[in-house]
2 protein chains.
Amino acid sequence: MGKTVRETFRIPADLRTGADLATLDPRARPIGPRDKTAAAEEMNDLADRLDHLQEALYAEAIGGGTRAVLLVLQGMDTSGKGGVIRHVGGLVNPQGLQIATFKKPTEEELAHHFLWRVRSQVPEPGRIGIFDRSHYEDVLIGRVDELVPEDVWRHRYTEITDFEAELAGQGVTLVKCMLHISPKEQAERLLARLDDPAKRWKYNTGDLDARAKWPAYQDAYAEALHRTDADAAPWYVIPSDRKWYRNWAIAALLAETLADLDPRFPEPGIDVDAERARLAASVVG
Amino acid sequence: MGKTVRETFRIPADLRTGADLATLDPRARPIGPRDKTAAAEEMNDLADRLDHLQEALYAEAIGGGTRAVLLVLQGMDTSGKGGVIRHVGGLVNPQGLQIATFKKPTEEELAHHFLWRVRSQVPEPGRIGIFDRSHYEDVLIGRVDELVPEDVWRHRYTEITDFEAELAGQGVTLVKCMLHISPKEQAERLLARLDDPAKRWKYNTGDLDARAKWPAYQDAYAEALHRTDADAAPWYVIPSDRKWYRNWAIAALLAETLADLDPRFPEPGIDVDAERARLAASVVG
């Protein structure tokens, strides 16, 4: 028996530092398609499976179900958070998605606990939520840029773990993905944004400031992932130097997770034969 | 020169009553693909065009643009509002969509002006908003079921016209579509929902109550469309007995509308050469 997709990408138990993270190859393809053409074919199959599973999850909630899925996307600039939303999120009915983007906190958000703005975006029953960045920013940039003292961000690991356990308890299945890219790949993608007028709007001068702190970010990622990985809220490290592999891996993770939930179309409490008779008798005009 | 997609589906100027509406064929295919296979091919092209146009509209707003598009979907039960969201909305990046579903108003919504809940869902700059039902319910079910006196719903035509002119003034391009189906097609779709366990969750016993009032609804639609059709807020009647034709027609309408807006990727105020030099100098490690 091969490993499942989830087992394959789950963070290694011994990943504790940025140096450990650097041992993971952002171009690895441990399972799945070997090239772009094969990936495109597999994505067609995954699209069908995801479409069906998403509809069943949505329908289940109409019937009173409380389950939802939350895909958390974290990664350095250009790692492909937006690309995953477009190419993986784009595989299912947009009505079933609930996308939240977490930018630099506003004054109002800063006046609240760091989880306040996150709680308001937890997906409703039946939805697949996608977080483009998340509460993890508060132990990433919050740590690297020393926005809060160390004891504060350290305590957040516990707060996050408690919060995510609470989500799991209320029926939200978490799929946390760190999009792992190399500094070399990032440089190429930033250059592409500068060179292509149709991509230039995505370029932020601040991206180079964060890039300059790469090792500090890798340390912050490694510790955050390690401290908050749990069976009810697992972290996956997605090799993301190849966009097609990254998209395939996350689509496959989602499909496997949803299949495991096995959402069911509800049986509405109606008398089907009586309704058929009512329909047959309904005359229009 | 053939007619544009918009000219083809724009409501006829002489459409004033339900009897007029009944003269429009829900199986008409005045332009575009003749069969499902041809439609699938055209949808691939439309997907590429819509994807590009949507991204440009989104980018334009990042650069300070204020334009947005709002697709309003109205139609009898089973006419395919959800199907359009899935199959047409699903063609673009879900991040660029803002979908709002208007169900039976809540107590809180009823305590406000009927446009209150609609205003809060107007798409942000750069987005394609989709309304699954809309403020038009207040001159449809509101009229047919006599939820308010006639002078109240009659006055709403003016309020809607003013509201939509205001939207147009602030840069929101309206694309209002009435999904036109026959009572026979509706009966078949309702039966399919009863017969198929995977569709049964969509069945509402109330749908047959609305079906029983078909002529009153057609009158209400015809007058609402006629009274609120404007160049800045046009109504299109989409032949919807064939799902593939309905989806093609709305995708084509959207693509034509967006192409006409001609959204542009913004030119961020950065010194590209200086940024290239900064990037080249950025050493990671």
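Below: a short report on this structure. Not measured: the values here are computed from a predicted model.

Here we come to the overall build of chain A. Across its full length, chain A holds 13 helices and 5 strands. Along the three orthogonal principal directions, the C-alpha set of chain A runs to about 75 × 45 × 45 Å. Counting across all 285 residues of chain A, residues that qualify as buried make up 52%. Between the averaged position of the 37 positive side-chain charges in chain A and that of its 46 negative side-chain charges there is a distance of 5 Å.

Attention now moves to the packing of helix H13 (residues 272–281) of chain A against helix H9 (residues 183–195) of chain B. For the pair H13 of chain A and H9 of chain B, the least separation of the axes is 10 Å and the interaxial angle reads 170 degrees. Between H13 of chain A and H9 of chain B, the angle falls in the class roughly antiparallel. Where H13 of chain A abuts H9 of chain B, its residues Val272, Glu275, Arg276 and Leu279 of chain A lie against Ala187, Leu190, Leu191, Leu194 and Asp195 of chain B. Residue composition of the contact of H13 of chain A with H9 of chain B, grouped by class: 6 nonpolar, no polar and 3 charged.

Moving on: the relation of the copies chain B and chain A. Superposing the two chain copies requires a rotation about an axis and a translation along that axis. Of the two same-sequence chains, chain B is brought onto chain A (RMSD 0.0 Å, axial shift 0.0 Å) by a rotation of 180 degrees. This pairing of chains is accounted for by a two-fold axis. Looking at chain B, 100% of its interface residues are interface residues in chain A too, so the copies touch through the same face.

Glancing now at the packing of aromatic side chains. Counted under the stated rule, the structure contains 14 aromatic pairs over all chains. Ring centres of Phe102 of chain A and Phe131 of chain A lie 4.9 Å apart, and the angle between their planes is 75 degrees; this geometry places the pair in the edge-to-face category. In this pair, Phe102 of chain A is assigned in the loop between strand S2 (97–101) and helix H5 (107–110) and Phe131 of chain A in strand S3 (residues 128–132), connecting sequence segments 29 residues apart. For the ring pair Trp201 of chain A and Tyr58 of chain B, a centre distance of 6.1 Å and an interplane angle of 70 degrees mean the geometry is edge-to-face.

Calculation rules
- Residues numbered from 1 in each chain as written.
- Chains lettered and ligands numbered in written order.
- Predicted model: local features only at pLDDT ≥ 70, side-chain atom pairs only at ≥ 80, totals over all residues.
- Heavy atoms only, no water.
- Helix = DSSP H or I, 4+ residues; strand = E, 2+ residues; numbered from the N terminus.
- Buried < 20%, exposed > 50% of the residue type's maximum accessible area, 1.4 Å probe, protein only.
- Lys, Arg positive; Asp, Glu negative; His and termini not counted.
- Charge placed at Lys NZ, Arg CZ, Asp CG, Glu CD.
- Axes fitted to C-alpha atoms, helices over the stretch in contact; angles between N-to-C directions.
- Parallel < 35°, antiparallel > 145°, perpendicular 65-115°, else oblique.
- Contact = heavy atoms within 4.5 Å.
- Nonpolar A, V, L, I, M, F, W, Y, C, P; charged D, E, K, R; others polar.
- Least-squares fit on C-alpha atoms with pLDDT ≥ 70 in both.
- Phe/Tyr/Trp six-rings, centres within 6.5 Å; stacked < 30°, edge-to-face > 60°.

By themselves, these observations are geometric and do not establish any function.
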